[in-house]
Amino acid sequence: MGAYRKKVQIVILILVVLIGGFAIGNTLFRGDSKIPGVGDSPPGFSLFDLNGNAHNLSDYEGKPMVITFWGTFCPPCVKELPEFQRLYDKWHSKGLEVLAINLSEADLPVQNFVSKFDLSFTVLRDVNRKVERQYGLRSYPTTFFVKPDGTISEIAVTAMTEQQIQERVEKLF
Amino acid sequence: MNYLEFSSDAFIAAFFLYCFGFIFYMIAIGGKKWSNRDPKAHVKRWSRIAFIVSILGLAAHLTFFFTRWYGSKQIPTSNMYEFMTFLGMSIMIAFVIIFAIYRTPLLGMFALPLTIIIVAYASVFPQEVQPLIPSLNSIWLKIHVTTAALGEAFFAVGFAAGLMYLLRVVDFKQTSQAAKRAQRWVEFTLYVLVVIIGFILTVFAFRGAGYEAQFLQEKVTIDNRGQESTTSETVMYTMPPIFKPYNSITQKMDSFLGMQEPLLETPSWMNGVNAGRKLNTVVWSIITGSLLYGIARLLLRKRLGAAIHPYMDGIDPEDLDEISYRAIAIGFPVFTLGALIFAMIWANIAWSRFWGWDPKEVWALITWLYYSAYLHLRLSRGWQGQRSAWLAVIGFVIVMFTLIGVNLIISGLHSYAGV
Amino acid sequence: MFQNTKCECGHQNHIGTVLCESCGKPLGEELLSDEPLEMRYDGVARRSQKANPNFIDKIWNFFSSVKIAVYLIIITLLASILGTIFRQENLLNEDPATYYEIQHGTIGKIYYMLGLSHTYESWWYTTLLVMIGTSLVVCSLDRVLPLYRALSKQQIRKHLRFILRQKVVYQAQISGDETKIVSALGEHLKKKRYRVHMDGTALLAEKNRFSRWGPYINHIGLILFLLAVLARSIPGFQMDMYVAVQQGQTVEIEGTSYYIKNEQFTVDYYTDDELPDALKGTARAKLYETKAVLYECTANCNNVTQEPVLKEVDRHDIVMNDPLIYEGLKAYQSGFDATPRLEAVKPVIINKETGEEYGPFELEIRNPKTSFEVGPYKLELHSQFMEFAIGENGEPTTLSREPNAPAYLFILSGPELKAGGEPYLYFPNQIDKLQFNQDALNRPIADRFEIKVNGMENVKLSGPTTYLNIRKDKALPYIWIGATISMIGLIMGFYWHHRRIWLRVDRGELSLGAHTNKNFYGMRSDVAWALGKAGIEVDPKSLDNGGNKT
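Cut-offs and rules
- Residues numbered from 1 in each chain as written.
- Chains lettered and ligands numbered in written order.
- Predicted model: local features only at pLDDT ≥ 70, side-chain atom pairs only at ≥ 80, totals over all residues.
- Heavy atoms only, no water.
- Helix = DSSP H or I, 4+ residues; strand = E, 2+ residues; numbered from the N terminus.
- Rg over C-alpha atoms; globule rule 2.2 N^0.38 Å.
- Buried < 20%, exposed > 50% of the residue type's maximum accessible area, 1.4 Å probe, protein only.
- Contact = heavy atoms within 4.5 Å.
- Lys, Arg positive; Asp, Glu negative; His and termini not counted.
- Charge placed at Lys NZ, Arg CZ, Asp CG, Glu CD.
- Areas by Shrake-Rupley, 256 points an atom, 1.4 Å probe, with all protein chains shown as cover.
- Polar contact = N/O pair within 3.5 Å; in protein donor to acceptor, adjacent residues only side chain to side chain.
- Buried area = accessible area lost by both parts, 1.4 Å probe.
- Salt bridge = Lys/Arg side-chain N within 4 Å of Asp/Glu carboxyl O.
- Nonpolar A, V, L, I, M, F, W, Y, C, P; charged D, E, K, R; others polar.
- Domains from an automatic or database assignment.
- Pairing = 2+ DSSP bridges.
- Core = buried A, V, L, I, M, F, W, Y, C linked by side-chain atoms within 4.5 Å.
- Axes fitted to C-alpha atoms, helices over the stretch in contact; angles between N-to-C directions.
- Parallel < 35°, antiparallel > 145°, perpendicular 65-115°, else oblique.
- Left-handed = near helix turned anticlockwise from the far one by under 90°.
- Disulfide = S-S within 2.5 Å.
- Phe/Tyr/Trp six-rings, centres within 6.5 Å; stacked < 30°, edge-to-face > 60°.
- Lys NZ or Arg CZ within 6 Å of the ring centre and 35° of its normal.

### Focus: the overall build of chain A
Of regular secondary structure, chain A possesses five helices and seven strands. Along chain A, from the amino end to the carboxyl end, the secondary structure elements read α-β-β-β-α-β-α-β-α-β-β-α. At 22 Å, chain A has a C-alpha radius of gyration far larger than the 16 Å of a compact globule built from 173 residues. C-alpha atoms of chain A, sized along the principal axes, occupy 85 × 35 × 25 Å. Considering chain A as a whole, with its 173 residues, one finds that 48% of them fall into the buried category. Of the contacts formed within chain A by residues at least 6 apart in sequence, a portion of 70% connects residues at least 24 apart. Between the averaged position of the 19 positive side-chain charges in chain A and that of its 19 negative side-chain charges there is a distance of 13 Å.

Given below as structure tokens:
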């Protein structure tokens, strides 16, 4: 009887620690579990570019990446994209990829914008805000810096100066 | 015959019957010491009359409830007026059930005034039938509200018995430290009841006089982008403004006792909905209540508790203790079912989640936690009698805060029942 | 300290026993007092009480204490109150990082920084709930087993001290055949549905023992409830999201293979007759309904490059309080937006000088074609602005991607127009046209040409949008089961009372003691009734042995 009681006690206390630990752990690490954070790998997607070619995130595996969300209706984005272009020109030979995901706008404004600033990096078209939601966007512009090992090194939720972008890109190498 | 009109007549009848019932109870207890009669027979006779009158009041109240239901084609529990009258009715039902078990007619002496106050409080709110918004149109709402109110009514009876117990056992002649503290708190509880009566009287006095004042309040809101925007809204007062709304100008104001201008301004940090009007009402209630209390003290020349205490002689305190506990024990499962389980079922249907941490829900949970703590404490030695009676009193304060305070102070989904 | 736990009747009791498990004689400190006995759990020792507790025993004993349980309840209660002071984050539309400071100043900032803005999701609140859950398990287990043992093997002849220290006591000299009197009393008690056990001149009458299990059944229900709540945080156990579906459109339910279509949305308003005076003239919705169809994607799902293949699986008219339910997935009516929006317009081109009219041509608002041939004219869409504005640099720009003030810049070419075309800025909304002064912007071409819509039949408006709340909650059945069990336990425990009467006759003296866990009033009247039937008249109140004294 005595030994049996002891076993019951230990089993129950272990269960409490496990279940309770799970519950408390959940509250500590939940919240942003679905939204990618620093150290996570960015959620995969498959999107069209302006010419109707499909691009998968996995196509760019192993490369340093800048994933930025932009729209023509967002003045800081409009300012930022040409800056990305200059950095892209500088770093592309070393492997840098820029994926600029448009925030579900119509064809024409995107088309116009790209030709106006002569953007040569990959411009992708989100549809019905799907990828935007996957990435948990709250404000624009938002830029994800992804290291070659496929993890996010930094998330910028504000507009950046060219200098600031440069510093962050350098860290990717 | 218009059912709604008939039902309001029944309501008035119920109110007066309750008042008469209460008066007869007072005769029953107060007349004990009159000469030329046998006190026991006197109490028995008059408490019987009082009980019958109260039962008639309940019958009229039930008539009100069902005719209004029939007349408006929806169960009358959907706004504050309807809910509070229903609560008053439930307290009477709970009282009758407890009476059937314990046959202590004098319990009515405290259950009745409680009902009267609550029913009078209900009349402060607009009485017209309001159409339901779609989310409230569910059978579960009706079940949830009625069951929860019934559970709370038992807590109310527990409170009445607890207060009676305190008035019975707290000796106002003793001067020890502990006795003095108990006396002070009993007196304070009575004072709060008087203030509530003061509130009701003030509302009806100024409503009867048709008092009105109107202000234009400017509100500055800062949105997420940090941009300021100013909106102005008209605030109506039905009591003379001791406190005018923060940052407002008087548009129209009836003069009151020579008072032409608001005396003070509501502080800016009180920024709830209609904070100014609520503060003004609270201040008026305290003034009227204190006046009433002061007059009572002058007439009695002793504290209210000390005046009531001698009349409680002859009532067995242990019976009161048990009645208070028993009422809460009967109410607890009903409350659990109505305020938590049925509420969850309804919330799951109406808002697609069974629990959403809405302030009203949280306060229902707080009430439940409080009474479960009470029930566990009752098991321990030393928590019967006076301590338990105090717990019953505090418990009812929590119940009333859940029902009214949450709507006044905190906003949420239940604010449809707003003031 | 050595403690003798052997009773004089020869029974060996566990450590911590208050009343001998066999004869009921008070032990230890209880022996010294004359107060009514502490009858909780029938005086048996809690299961875990030991002479030398080790570390595990200490933790166990902590949770086994009712005092600790009450403290936990009180702390949870206070914590819950804290959470209602300001609005919680989950009820907020604004950004919580700034909301509290803006709304409530420094106090609000502190409130936010302390994490009170999400009290009920915080680690410490969850810790409290976990501790309450542990306490429920340990307390119940520690008490219910010994109690069960004690109640299932009760001795009929109890120690005299045990009987006389009950809260309901009667003692008197009797004359006549003792056994007969005792069995007559037993017969009367049977009529009150007591189970009567006799042992010569001793008697034990008992009823409603099952009500003693009520609290434990309640606790089991609560534990199940808490576990079910916990299970909801396992991924895949629950889902909670909102979709906005315009009439006629089909929308993917993300995270599932389902698509939902809004075939038709209707809303009824209260008429003025139905409204009280204060609300007359306001649009108060009475009922709104979405005719919804649920599809399951069978191929090409999650692939933007191809159209998904959909199969209808369910359809339902969703109204408030009546969701679409399909295999654990529920779609609730949440809200709606009936404001009509432009979807497409069919404008014509008018040559103002000749009065000739060409067209119409169809211009979609969101994704228009970029070139149109209208009569002899050619229109090239140069740019489109969903919410037209003049930017800082003086160039036209858009403020958002929603068509709040759409504008289209066409390059118009054809007869009587310059080679290479002339620009024409077109606002489909009349109100925008006036606000931005379309004609002035388009001068000089505005004097010769006009693009405009003739009549409402050439305007296509969007249907109303319904907001649906999509839910999945696998834990829900367990929640209801837990709540039901808990309720059964509460009813058992609160509406029935375990009543016991012990009686023995020693040399012509009858001693009676009675105990109940609740409602001594009823207990006393039962005893008085039985004694009365046996010819002993007593006032129920006189049986009271005190005990509630404070």
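### Details of the overall build of chain C
Scanning chain C from terminus to terminus reveals eleven helices and 25 strands. Computed over its C-alpha atoms, the radius of gyration of chain C comes to 40 Å, more than 25% above the 24 Å expected for a compact globule of 550 residues. For chain C, the spread of C-alpha atoms along the three principal axes comes to 135 × 55 × 50 Å. Across the 550 residues in chain C, those meeting the buried criterion constitute 48%. Summarising the internal contacts of chain C: among those between residues at least 6 apart in sequence, 61% fall at separations of at least 24. Within the structure as shown, chain C displays about 26,700 Å² of accessible surface, and the carbon and sulfur contribution to it stands at 54%. One finds the centroid of the 61 positive side-chain charges in chain C at a distance of 16 Å from the centroid of its 64 negative side-chain charges.

### Section: the side chain of C:N469
You can see C:N469 is positioned in strand β23 (residues 465-473). Among the residues examined, C:N469 registers a relative accessible area of 2% and is labelled buried. Only 3.1 Å separates the side chain of C:N469 from the side chain of C:D240, close enough to count as a polar contact. The contact partners of C:N469, leaving out residues within four places of it in the chain, are B:W351, B:S352, C:D240, C:M241, C:Y242, C:K330, C:A331, C:Y332 and C:S334.

### Let's talk about the interface of chain B and chain C
The partner chain C presents 66 residues to the 63 residues of chain B that form the contact. Interface of chain B and chain C: buried area, both sides summed, is about 5,400 Å²; carbon and sulfur atoms make up 61% of it. Linking chain B with chain C are three salt bridges, by the criterion used here. A salt bridge links C:R524 to B:D319, with the shortest nitrogen-to-oxygen separation between them at 3.7 Å. Between the two partners, chain B and chain C, sit ten residue pairs in polar contact (both at pLDDT 80 or more). Within the residue set of the side of chain B that touches chain C, elements represented by two or more residues are α3 (80-102), α9 (317-350) and α10 (359-378) of chain B. Ranked by the residues each element gives to the side of chain B that touches chain C, the list is headed by α9(B), at 20 residues. Taken together, the residues of the side of chain B that touches chain C sort by class into 38 nonpolar, 15 polar and ten charged.

### Section: the arrangement of the chains
Where two pairs of chains are in contact, the pair with the most contacts is made of chains B and C. Across the gap from chain A to chain B, with no contact made, the nearest C-alpha atoms are 12 Å apart.

### Examining the domain arrangement of chain C
Here chain C is described as being made up of domain 1 (46-150), domain 2 (156-208 + 497-543), domain 3 (238-340 + 464-473) and domain 4 (342-459). On a C-alpha basis, the centres of domain 1 of chain C and domain 3 of chain C stand 38 Å from each other.

### What about the pairing of strand β25 (residues 509-516) of chain C?
If a strand is regular, its side chains alternate between the two faces of the sheet. Residue and element names in this part refer to chain C. With seven of eight residues buried, β25 lies mostly within the body of the structure. As paired elements, strand β1 (residues 168-173) and β25 share six bridges and run antiparallel to each other. Looking at the pairing, V168 lines up with A514 of β25. Summarising the sheet, strand β24 (residues 499-506) and β25 pair through eight bridges and their orientation is antiparallel.

### What about the interface of chain C and chain A?
The interface of chain C with chain A comprises 43 residues on the first partner and 39 residues on the second. Between chain C and chain A, the buried area comes to about 3,400 Å², and carbon and sulfur atoms account for 60% of it. Across the contact surface, chain C and chain A share two salt bridges. Of the charged contacts in the structure, one is a salt bridge between A:K116 and C:E395, with a shortest N-O distance of 3.6 Å. Of all elements in the fold, only α1 (55-64), α4 (123-152), α7 (214-231), β16 (377-385) and β18 (396-398) of chain C reach the threshold of two or more residues within the side of chain C that touches chain A.

### Details of the nonpolar core
Of all hydrophobic cores here, the largest spans 165 residues; its most connected members are B:M84, B:F95 and B:I98. For this core, the leading source of residues is α9(B), giving 19 residues. Apart from residues no more than four positions distant in its own chain, B:I98 is found in contact with B:R103, B:L107, B:F154, B:V157, B:I323, B:A327 and B:I330. With 42 residues, the next largest nonpolar core counts A:F113, A:F121, A:F144 and A:V146 among its residues.

### Remarks on the packing of α7(C) against helix α10 (residues 476-495) of chain C
Residues and elements named next belong to chain C. Running from N to C, α7 and α10 point in directions that differ by 165°, and their axes come no closer than 7 Å. By the angle between their directions, the pair α7 and α10 is classed as roughly antiparallel. Helix-helix and strand crossings are classified by hand; for α7 and α10 the assignment is left-handed. Taken together, the residues of α10 that come into contact with α7 (itself represented by G214, P215, I217, N218, G221, L222, L224, F225, A228 and V229) are Y478, I479, I481, G482, A483, I485, S486, G489, L490, M492 and G493. Looking at the contact of α7 with α10, its residues break down into 14 nonpolar, seven polar and no charged.

### Brief notes about the state of the cysteines
All names here are of chain A. Taken as a whole, this structure holds one disulfide over all chains when the rule is applied. The disulfide bridge from C74 ends at C77, spanning 2.0 Å between sulfur atoms. Residues C74 and C77 share a disulfide whose torsion about the S-S bond is about 80°; that sign makes it right-handed. No difference in accessibility class separates C74 from C77, as the two residues are buried.

### What about the sheet that holds strand β7 (residues 285-299) of chain C?
All names here are of chain C. Across the sheet, four strands lie side by side as β5-β6-β7-β8; this open sheet has antiparallel pairing. A single partner strand is all that each edge strand has here, and the edge strands are β5 (250-252) and β8 (309-319). Averaged over all pairs of adjacent strands, the angle between strand axes in this sheet comes to 25°, irrespective of strand direction.

### A look at the packing of aromatic side chains
Here the distance between the centres and the angle between the planes together describe a pair of aromatic rings. All names here are of chain B. Tallied over the full model, the rule gives 66 aromatic pairs over all chains. Centroid distance W140 to F342: 5.6 Å. Interplanar angle 50°. Geometry classified as tilted. With W140 in helix α5 (residues 139-169) and F342 in helix α9, this pair connects stretches of sequence that are 202 residues apart. A relative accessible area of 15% places F342 in the buried class. Following the ring pairs from residue to residue traces out a cluster consisting of F155, Y325, F335, Y370, Y371 and Y374. Here the basic side chain of R378 rests over the ring of Y325, its NZ or CZ set 4.3 Å away from the ring centre.

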